[in-house]
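Remarks on the overall topology
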Amino acid sequence: MHNAQLTFGVNSKYIIKIFMTIQEKVNELFEQQLSVWEMARNNFEGLRTVQIREFDFDGFAVKVQFNPARMVSSGAKVDAKTIAERKCFLCVANRPEVQRGIEWRDYDILINPFPIFTRHLTIPRREHVDQRLVPYISDMFDLARELSDFVVFYNGPKCGASAPDHMHFQAGNADFLPLVGDYFNLKAYGKCTMHNAQCTIDGVDVYTIDNYLREVYCIESCDRDALRQAFMKLYNSWVKEEGVEPMMNVVCLYRDGKWYLFVIPRGAFRPWQYTAEGDKQLLVSPATVEVSGLFITPVKEHFERITKDDVVDILTQCTIK
């Protein structure tokens, strides 16, 4: 377990501890940041009243959340020209003065001021390097183990990342992402299929979810090295161009001594509805959260208008089935 020494001043309202786990430090970080950062506090408080719609399918549901604060991400321009001209908001020098974080290896753990989850973290590397998973996949496993109340997730550079030029993970409270509950429920009812053909490794099981609107691989293992080997076998089977990351979203959960690594291969970056005009437009920009069963809509009209057929169509365009 990663421990770090922490010292508070005599006037601190926080309990003085000699050593704290990362999970404990994150809990304190939320308390501190929301006490001094008005915008973040307002956005987190706003989650209490967000509107949710739900579309039922065979044994699972897809939820839609109206969240106007997420316009910053859903409406982000990520073309090369825009990226080159803007300051990177994940670099230390460009963050809000009020923002504080927790140092963890070569990363800073920050609260996300535009949350989807009631506990939403952004975890950027300190160095400004491109969003790529393979060099840092083991960090994802370790973060998931240390952040025991969270799932850690990764948006590929063309799969929902609003900062494709800066390597980062995100994390959210584990009970909030539909994919996680769906997987364990559907597996218990025999609706998952063992699929070891592409990533046969001792100590690893790989499942796919049957009839789930999109293809999802879940790699299970208690062995960190075996987990990485299995992921790399799956990853390499998808590589089409050397040096170019296959389009995918990834979720990592650590529970009862075992990792669960969900890998969702992607199709399109955004659906045609994103740039449509008039009453055909739906401003949904699929990232990990959306392909995991929670659609975010920052425009109320779009939230009210989206249908079950739209959900199926968007997932069909943006994922592999």
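As a starting point, this report considers the structure included with it. The structure presented is a predicted model; accordingly, all values stated were derived computationally and were not measured. (Residues numbered from 1 in each chain as written. Predicted model: local features only at pLDDT ≥ 70, side-chain atom pairs only at ≥ 80, totals over all residues. Heavy atoms only, no water.)

Take the overall build of the chain next. Within the chain, the secondary structure is distributed over 10 helices and 15 strands. Computed over its C-alpha atoms, the radius of gyration of the chain comes to 19 Å, within 12% of the 20 Å expected for a compact globule of 321 residues. Summarising its shape, the C-alpha atoms of the chain cover approximately 55 × 55 × 40 Å along the three principal directions. The proportion of buried residues among the 321 residues of the chain is 53%. Carbon together with sulfur atoms contributes 49% to the accessible area of the chain, which is approximately 14,800 Å² in total. For the chain, the distance from the average site of its 37 positive side-chain charges to the average site of its 42 negative ones is 2 Å. (Helix = DSSP H or I, 4+ residues; strand = E, 2+ residues; numbered from the N terminus. Rg over C-alpha atoms; globule rule 2.2 N^0.38 Å. Buried < 20%, exposed > 50% of the residue type's maximum accessible area, 1.4 Å probe, protein only. Areas by Shrake-Rupley, 256 points an atom, 1.4 Å probe, with all protein chains shown as cover. Lys, Arg positive; Asp, Glu negative; His and termini not counted. Charge placed at Lys NZ, Arg CZ, Asp CG, Glu CD.)

With that settled, the discussion passes to the sheet that holds strand β15 (residues 294-297). Spatial ordering of the open sheet is given by β3-β4-β15, a layout of three strands whose pairing is mixed. Two strands in the sheet have a free side with no partner beyond their single neighbour: β3 (51-56) and β15. For this sheet, the mean angle separating the axes of adjacent strands, direction not counted, is 20°. Across six bridges, β3 lies against strand β4 (residues 61-66) in antiparallel orientation. In the strand pairing of β4, aspartate 56 is matched with alanine 61. (Pairing = 2+ DSSP bridges. Axes fitted to C-alpha atoms, helices over the stretch in contact; angles between N-to-C directions.)

In this section: the pairing of strand β6 (residues 107-111). Looking along a regular strand, one sees the side chains alternate between the two faces of the sheet. Of all the five residues making up β6, five are buried; the element is thus mostly covered by neighbouring parts of the structure. Judged by which residues are buried, β6 turns out to be covered on both faces: Tyr107, Ile109 and Ile111 on one side and Asp108 and Leu110 on the other are all buried. Sheet topology places strand β5 (residues 102-104) next to β6; three bridges connect them, and they run antiparallel. Paired with tryptophan 104 across the strands is tyrosine 107, a residue of β6. Taking the residues that link successive antiparallel strands as the turn, the β5-β6 hairpin has two residues, and the phi of arginine 105 there is positive, at about 50°. Alignment of β6 against strand β7 (residues 120-124), held across two bridges, turns out to be antiparallel.

The buried count for β7 comes to five of five residues, which makes it a mostly enclosed element. The side-chain alternation of β7 yields two buried faces, one formed by His120, Thr122 and Pro124 and the other by Leu121 and Ile123. Here five bridges tie β7 to strand β9 (residues 168-173), and the two strands are oriented antiparallel to one another. Its bridge partner lying in β9, threonine 122 is registered against glutamine 170.

Glancing now at the nonpolar core. Ranked by internal contacts, the top residues of the largest apolar core, which has 51 residues, are Phe169 and Phe231. Here this core gets eight residues from one element, more than from any other, and that element is helix α7 (residues 224-238). Excluding anything up to four places from it in sequence, phenylalanine 169 contacts Tyr107, Leu121, Thr122, Ile123, Leu133, Tyr136, Asp139, Met140, Leu143, Val152, Phe153 and Tyr154. The next biggest cluster of nonpolar side chains, apart from the first, holds 41 residues, and it includes Val151, Leu177, Tyr207 and Ile209. (Core = buried A, V, L, I, M, F, W, Y, C linked by side-chain atoms within 4.5 Å. Contact = heavy atoms within 4.5 Å.)

Below, the discussion takes up the environment of lysine 280. Secondary-structure assignment places lysine 280 in the loop between β14 (258-265) and α8 (288-291). Residue classification places lysine 280 among the exposed positions, given a relative accessible area of 56%. Considered as a pair, lysine 280 and histidine 302 are 22 residues apart in the sequence and their alpha carbons are 9.2 Å apart. When neighbours within four sequence positions are excluded, lysine 280 is seen to be in contact with Trp272, Gln273 and Arg305.

Viewed as axis vectors pointing N to C, helix α5 (residues 137-146) and α7 meet at an angle of 135°, and their least axial separation amounts to 10 Å. By the angle between their axes, α5 is oblique relative to α7. Crossing geometry of α5 relative to α7 is assigned as right-handed. Contact residues: α5 offers Ile137, Ser138, Phe141 and Asp142, while α7 offers Arg224, Leu227, Arg228 and Phe231. Each residue belonging to the contact of α5 with α7 can be placed in one class, and the counts come to four nonpolar, one polar and three charged. (Parallel < 35°, antiparallel > 145°, perpendicular 65-115°, else oblique. Left-handed = near helix turned anticlockwise from the far one by under 90°. Nonpolar A, V, L, I, M, F, W, Y, C, P; charged D, E, K, R; others polar.)

Bringing the packing of aromatic side chains into the picture now. Under the counting rule described, the total for this entry stands at 16 aromatic pairs. Ring centres of tyrosine 107 and phenylalanine 169 lie 6.0 Å apart, and the angle between their planes is 35°; this geometry places the pair in the tilted category. With a gap of 62 residues between them, tyrosine 107 in strand β6 and phenylalanine 169 in strand β9 connect regions that are remote in the sequence. By the ring-pair criterion, three or more aromatic residues cluster together here, those being Trp104, Tyr107, Tyr154 and Phe169. Residue placement shows arginine 125 over the ring face of tyrosine 107; its charged tip is 5.0 Å from the ring centre. Positioned above the aromatic ring of tyrosine 274 is the side chain of arginine 270, whose terminal nitrogen or guanidinium carbon lies 4.1 Å from the ring centre. (Phe/Tyr/Trp six-rings, centres within 6.5 Å; stacked < 30°, edge-to-face > 60°. Lys NZ or Arg CZ within 6 Å of the ring centre and 35° of its normal.)

As a further point, take the sheet that holds strand β13 (residues 248-255). Here we have 10 strands laid out as an open sheet, ordered β5-β6-β7-β9-β8-β13-β14-β12-β11-β10, and antiparallel in their pairing. The sheet terminates laterally at β5 and β10 (192-194), the two strands that pair on one side only. Across this sheet, the average inter-strand angle for adjacent strands is 25°, counted without regard to direction. Pairing of strand β11 (residues 204-209) with strand β12 (residues 217-221), which is carried by five bridges, proceeds in the antiparallel orientation. Bridge pairing in β12 places valine 204 opposite serine 221.

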